[in-house]
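Breakdown of the fold
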Amino acid sequence: MPHPTRRPARSTGSATRSPWAWALGGILVGALPTLVVFAPAQWLTDGIAQTSGQRVLVAGARGTVWTGSGHLVLTGGHASQDQAALPGRISWRLRPTWGGLRAHIDAACCTPVPLQVQVQARWNGAHISVTDGQSHWPAAMLAGLGTPWNTLQPQGQLALETRGLQVDWAAGRMVLEGQAQLDALSMSSRLSTLRPMGSYRLTLQGGAAPTLGLQTLQGALQLSGSGQWVGQRLRFTGEASAAPEREGALSNLLNIIGRRSGARSLISLG
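For clarity, every value in this text was computed on a predicted model and none was experimentally measured.

On to the state of the cysteines. Across all of its chains, the model carries 1 disulfide by this definition. Bridging Cys109 to Cys110, the disulfide has an S-S length of 2.3 Å. Its S-S torsion of approximately -85° makes the covalent link between Cys109 and Cys110 left-handed. Take Cys110: its relative accessible area is 4%, and that puts it in the buried class.

Next comes the structure, spelled out in structure tokens:
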């Protein structure tokens, strides 16, 4: 008597799981735009900390990646005990653009008009442009960066002005265009009893070989120098000296700034 042919058992598991799998996939796809829009600000601040080697931190972040605020803190990097926070909070607004991102950064203490930065992704690099503007920052913030600023403990006001400033990165190479000017006004240091010591100007000029210039606007401490980027490295030489009647009050500072050569202190970087 022939045995009845057995039909293979129908798998009910895949049929049962399939609707649930599709439902879960649908939920994830639907949730993705929400996740992107409401991504927490901490994601952005963690990225800034990692990219800067822990030298730039945003503490107490609130809001989202796209619209948020926090306290700007400068530090000496990994394991450093030095840090300085900007008074008040900074706020940001990021908006995607075609092939890039636009950022508005506002600090109530320091930016009369929000700073505006445009970032465009490019093949093997990026293009960054800064809208012309002015801002003012407390020099005491620099002490958070560690050596030598933690020794100098500068006090005064930093006035930053940018004009046509643009930076291109391609294959690890930087090309700078435009100009940035930083005026260090009514500066003083814990290494000198003279207050203020003077006011100074740093000028960054873009081009095929970007240059950096230092000059004294006024004051008993005289600073001057010039430098140029060779490849990705800055080579700068300058000198510091004191007005004859102020040499005693500025001697300790001159010993720290550079290598003493008589009444002068020679500065060399790179």
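Further notes follow.
Scored by pLDDT, the chain has a mean of 87; 86% of the residues are at 70 or more. The secondary-structure element of the chain with the lowest mean pLDDT is helix α1 (residues 12–37), recorded at 48, while strand β12 (residues 211–219) shows the highest, at 97. Predicted confidence for residues 11–17 stays below pLDDT 50, and this span has 0 contacts to residues more than four positions away or in other chains. For residues 22–32, every residue scores under 50 in pLDDT, and the model assigns this stretch 0 contacts once sequence neighbours within four places are set aside.

Among the residues of helix α2 (residues 41–51), Ala41, Thr45 and Ala49 are the ones counted as buried. Here the buried residues of α2 occupy an arc of 70° about the axis, which is enough to place them on one side. Residues Trp43, Gln50 and Thr51 are exposed on α2 and point more than 90 degrees away from its buried face. Those residues of α2 that are buried lie in contact with β1 (56–63) and β4 (90–97).

Before going further, it helps to examine the pairing of strand β2 (residues 67–75). Put simply, side chains in a regular strand alternate between the two faces of the sheet. Counting buried residues along β2, 7 of its 9 residues qualify, which places the element largely inside the surrounding structure. As paired strands, β1 and β2 are joined by 6 bridges and run antiparallel to one another. Looking at the pairing, Val58 lines up with Leu72 of β2. Hairpin connection between β1 and β2: a loop of 3 residues separates the two successive antiparallel strands. As defined by bridge partners, β2 adjoins β4 across 4 bridges and the pair is classed as antiparallel. Counterpart to Thr67 in the pairing with β4 is Arg93. Pairing of β2 with strand β3 (residues 83–85) involves 3 bridges; the strand directions are antiparallel. Paired with Leu74 across the strands is Ala84, a residue of β3.

A word on the environment of Arg173. Checked against the element boundaries, Arg173 lands in strand β10 (residues 173–188). Separated by 48 residues in sequence, Arg173 and Gly125 place their C-alpha atoms 8.8 Å apart. Setting aside anything within four residues of it in sequence, one finds Arg173 in contact with Asp168 and Gln232.

This next bit is on unusual backbone geometry. Residue Thr147 is joined to Pro148 through a cis peptide bond whose omega torsion reads -5°. Along the polypeptide, Pro148 turns up in the loop between β8 (133–138) and α3 (149–152). Note the cis peptide between Arg195 and Pro196, where omega equals -5°. Within the fold, Pro196 resides in the loop between β10 and β11 (198–207). The phi angle at Ala79 is positive, at roughly 65°, despite the residue not being glycine. With respect to the helices and strands, the residue Ala79 is situated in the loop between β2 and β3. The class of Ala79 is exposed, set by a relative accessible area of 79%. A positive phi angle, near 50°, is found at Ser186, a position not held by glycine.

So, how was this worked out
- Residues numbered from 1 in each chain as written.
- Predicted model: local features only at pLDDT ≥ 70, side-chain atom pairs only at ≥ 80, totals over all residues.
- Heavy atoms only, no water.
- Disulfide = S-S within 2.5 Å.
- Buried < 20%, exposed > 50% of the residue type's maximum accessible area, 1.4 Å probe, protein only.
- pLDDT = per-residue confidence, 0-100.
- Helix = DSSP H or I, 4+ residues; strand = E, 2+ residues; numbered from the N terminus.
- Contact = heavy atoms within 4.5 Å.
- Arc of directions from axis to C-beta.
- Pairing = 2+ DSSP bridges.

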